[in-house]
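# Structural overview for review
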Protein chains: 2
Amino acid sequence: MRSFPAAVERLTEQFNKLPGVGFKSAQRMAFHVLGMNDAQAEAFAQAILDAKHTVKCCEKCQNLTDMEVCSICSDPGRDQNVICVVTEPRDVAAMERAREYKGLYHVLHGVISPINHVGPDDIRVKELLGRLSDGTVTEIIMATNPDTEGEATAMYISRLIRPLGVKVTRLAYGIPVGSQLEYADEVTLMRALEGRREI
Amino acid sequence: MRSFPAAVERLTEQFNKLPGVGFKSAQRMAFHVLGMNDAQAEAFAQAILDAKHTVKCCEKCQNLTDMEVCSICSDPGRDQNVICVVTEPRDVAAMERAREYKGLYHVLHGVISPINHVGPDDIRVKELLGRLSDGTVTEIIMATNPDTEGEATAMYISRLIRPLGVKVTRLAYGIPVGSQLEYADEVTLMRALEGRREI
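Note that the structure is predicted; figures quoted are calculated from it, not measured.

Rules used throughout
- Residues numbered from 1 in each chain as written.
- Chains lettered and ligands numbered in written order.
- Predicted model: local features only at pLDDT ≥ 70, side-chain atom pairs only at ≥ 80, totals over all residues.
- Heavy atoms only, no water.
- Phe/Tyr/Trp six-rings, centres within 6.5 Å; stacked < 30°, edge-to-face > 60°.
- Buried < 20%, exposed > 50% of the residue type's maximum accessible area, 1.4 Å probe, protein only.
- Lys NZ or Arg CZ within 6 Å of the ring centre and 35° of its normal.
- Pairing = 2+ DSSP bridges.
- Helix = DSSP H or I, 4+ residues; strand = E, 2+ residues; numbered from the N terminus.
- Axes fitted to C-alpha atoms, helices over the stretch in contact; angles between N-to-C directions.
- Contact = heavy atoms within 4.5 Å.
- Right-handed = clockwise from strand over helix to strand, strands pointing away.
- Disulfide = S-S within 2.5 Å.
- Least-squares fit on C-alpha atoms with pLDDT ≥ 70 in both.
- Patch = residues over 30% accessible without salt bridge, like charges linked within 9 Å, V, L, I, M, F, W, Y side chains within 5 Å.
- Areas by Shrake-Rupley, 256 points an atom, 1.4 Å probe, with all protein chains shown as cover.
- Salt bridge = Lys/Arg side-chain N within 4 Å of Asp/Glu carboxyl O.
- Buried area = accessible area lost by both parts, 1.4 Å probe.
- Polar contact = N/O pair within 3.5 Å; in protein donor to acceptor, adjacent residues only side chain to side chain.
- Nonpolar A, V, L, I, M, F, W, Y, C, P; charged D, E, K, R; others polar.
- Parallel < 35°, antiparallel > 145°, perpendicular 65-115°, else oblique.
- Left-handed = near helix turned anticlockwise from the far one by under 90°.
- pLDDT = per-residue confidence, 0-100.

## Some thoughts on the packing of aromatic side chains
Taken as a whole, this structure holds eight aromatic pairs over all chains when the rule is applied. With a centroid separation of 5.2 Å and 65 degrees between ring planes, the pair formed by Tyr101(A) and Tyr105(A) is classed as edge-to-face. Per residue, the accessibility class of Tyr101(A) equals that of Tyr105(A), and both read buried. A connected cluster of aromatic rings, assembled from ring pairs, spans Phe15(A), Phe44(A), Phe15(B) and Phe44(B). Across the ring face of Tyr173(A), the terminal group of Arg191(A) is positioned such that the distance to the ring centre comes to 4.5 Å.

As structure tokens, then:
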């Protein structure tokens, strides 16, 4: 015998599909919704529909936006000669938090991953190449994640771009600021040694 | 400068309000919704509204239901003489999973907790007393949580009910089946000793 009404079970299933949400947490969330007042529940449902309907990809950098061209691409104060290539929209947010980078971005929306059947045509590589045709861009900074797939994607793209006469660079590897040397893994230490600089 | 469209930030805020969901998880969930197709996002939003609009409390036992009287209360095969009093709807689900109890339930929707300004009138005590007036019920099993507030609530209710000539019992305390004695806390062991039975 079912112990809860079908609508509660359906809502639990929906929460259960979210990343990192198990069945018990999903059930807690469903009960939380039941405890909301009508206006709160409608605001929640509306937020889902709004996000889905108003958010699209910037036609230049492919970052999420609710305009045709995002606020970074349309900002004349940003350096139009440099593009930082990242995997996901949240990587743009991370870079912006550092308040150091003043150029443009390009969001790939994924990495090349043969094991997951993701090839170069499944991520926004073509769109990146299209932005290089008019010669404005002189440097591409690869900022994919420092894992196997991120590396492979960066290598693939840099090989496509270099023949166009555009400089391709990569974020530095090394020990994270504020960390402790004894906890650094061997590969990171090796890269930090390779990349050592005169002080 | 905001890095995400307002609709994404609003959806992140909504997820952030759910129990046990921090900002980073909420952001992941919001991106997950953006990755859904339209039908999936609409099903999710609709599930929230449906749960909120169709689910109400059973007019007898106060458990969640989408009917006037829930499926347990309207089942003639359940023992009409016993009511098990629990704190929350999910406690009914837990009891039902044990497949041992064949009586009715009463869901209090909370416990008496002066520190949180919850008094006897804020939980469904009145409704419980109303179910005892016709003399059908001969036993009330208190199954509130074995913590201070659950205990106090059980004591308060049992004092109200006993004058009506209805037997009031409580779930047994003791060591959980499958656990190890060495890890049992002192209070549980004391209660297990007190409640020892001849074998």
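Now that the structure has been shown, we can carry on.
## Re the sheet that holds strand 4 (residues 103–107) of chain B
Consider a sheet: its strands pair through backbone hydrogen bonds, and that pairing is either parallel or antiparallel. Residues and elements named next belong to chain B. Within the open sheet, the four strands sit side by side as 4-3-5-6. Their pairing is parallel. Unpaired on one side and paired on the other, strand 4 and strand 6 (167–170) mark the two borders of the sheet. Here the strands of the sheet are splayed against their neighbours by 25 degrees on average, with no regard to which way each runs. In this sheet, strand 4 lies alongside strand 3 (residues 79–86) in parallel orientation, the contact comprising five bridges. Opposite cysteine 84, over in strand 4, you have tyrosine 105 as the bridge partner. Sheet strands in contact with helix 6 (residues 148–161) are strand 5 (139–142) and strand 6, and its direction is about 165 degrees off that of strand 6.

## Describing the pairing of strand 4 (residues 103–107) of chain A
Of all five residues in strand 4 of chain A, five are buried, a share of seventy percent or more. Note that the unit made of strand 3 (residues 79–86) of chain A, helix 4 (residues 89–97) of chain A and strand 4 of chain A has a crossover that is right-handed.

## Some remarks on the state of the cysteines
In protein chemistry, a disulfide is the covalent bond that joins the sulfur atoms of two cysteines. All names here are of chain B. Enumeration according to the criterion identifies zero disulfides over all chains in this entry. Just so you know, cysteine 73 is unpaired, no disulfide at all, and the nearest cysteine sulfur is the one on cysteine 61, 3.7 Å from it. The cysteine cysteine 84 is free of any disulfide, with cysteine 61 supplying the nearest cysteine sulfur at 11 Å.

## With respect to the relation of the copies chain A and chain B
Here the two chain copies are tied together by a rotation about an axis and a shift along that axis. Between the two copies, chain A and chain B, the superposition gives an RMSD of 0.1 Å; the rotation angle is 180 degrees and the shift along the axis is 0.1 Å. In symmetry terms, the pair is related by a two-fold rotation axis. Scanning chain A for the C-alpha nearest the rotation axis identifies Ala45(A), at a separation of 2.2 Å. A symmetric contact is evident, with 100% of the interface residues of chain A recurring at the interface of chain B.

## A closer look at a nonpolar patch on the surface
Residue and element names in this part refer to chain A. On the surface, a nonpolar cluster with roughly 250 Å² of combined accessible area is contributed by Ile175, Leu181 and Leu189. With respect to the element layout, leucine 189 can be found in helix 7 (residues 186–194). On the accessibility criterion, leucine 189 (32% relative accessible area) is partly exposed.

## Quick word on the interface of chain A and chain B
Contacts between chain A and chain B engage 53 residues on the former and 53 residues on the latter. Taking both partners together, chain A and chain B bury about 4700 Å²; carbon and sulfur atoms supply 71% of that area. Our enumeration of links across chain A and chain B arrives at zero salt bridges. For the interface between chain A and chain B, the tally reads four residue pairs in polar contact (both at pLDDT 80 or more). Put simply, the parts of the chain that give the side of chain A that touches chain B at least two residues each are helix 1 (6–16), helix 2 (23–34), helix 3 (38–54), strand 2 (64–65) and helix 4 of chain A. Tallying contributions element by element places helix 3 of chain A first for the side of chain A that touches chain B, with 14 residues. Of the residues in the side of chain A that touches chain B, the class split is 29 nonpolar, ten polar and 14 charged.

## What about the sheet that holds strand 5 (residues 139–142) of chain A?
Residue and element names in this part refer to chain A. Here we have four strands laid out as an open sheet, ordered 4-3-5-6, and parallel in their pairing. Where the open sheet ends on each side, the last strands, each with one partner, are strand 4 and strand 6 (167–170). Neighbour-to-neighbour, the strand axes of the sheet open up by a mean angle of 25 degrees, direction not taken into account. As judged from the four bridges shared by strand 5 and strand 6, these two strands associate in the parallel manner. Bridge pairing in strand 6 links glutamate 139 to lysine 167. Running at roughly 155 degrees to strand 4, helix 4 makes contact with strand 3 and strand 4 of the sheet. Helix-sheet contacts for helix 6 (residues 148–161) involve strand 5 and strand 6, and the interaxial angle to strand 6 is about 165 degrees.

## Here's the deal with the packing of helix 1 of chain A against helix 2 of chain A
Residue and element names in this part refer to chain A. Interhelical geometry of helix 1 versus helix 2 gives an angle of 125 degrees and a closest axis separation of 8 Å. In terms of orientation, helix 1 and helix 2 fall into the oblique class. Both helix 1 and helix 2 take part in a crossing whose hand is right-handed. Where helix 1 approaches helix 2, its residues Val8, Leu11, Thr12, Phe15 and Asn16 are matched on the opposing element by Phe23, Ala26, Gln27, Met29, Ala30, Val33 and Leu34. In terms of residue class, the contact of helix 1 with helix 2 is made up of nine nonpolar, three polar and no charged.

## Description of the confidence of the model for chain A
Here chain A averages 90 in pLDDT, and 98% of its residues register 70 or above. Interface predicted TM-score (ipTM) for the complex: 0.74; the corresponding pTM is 0.74.

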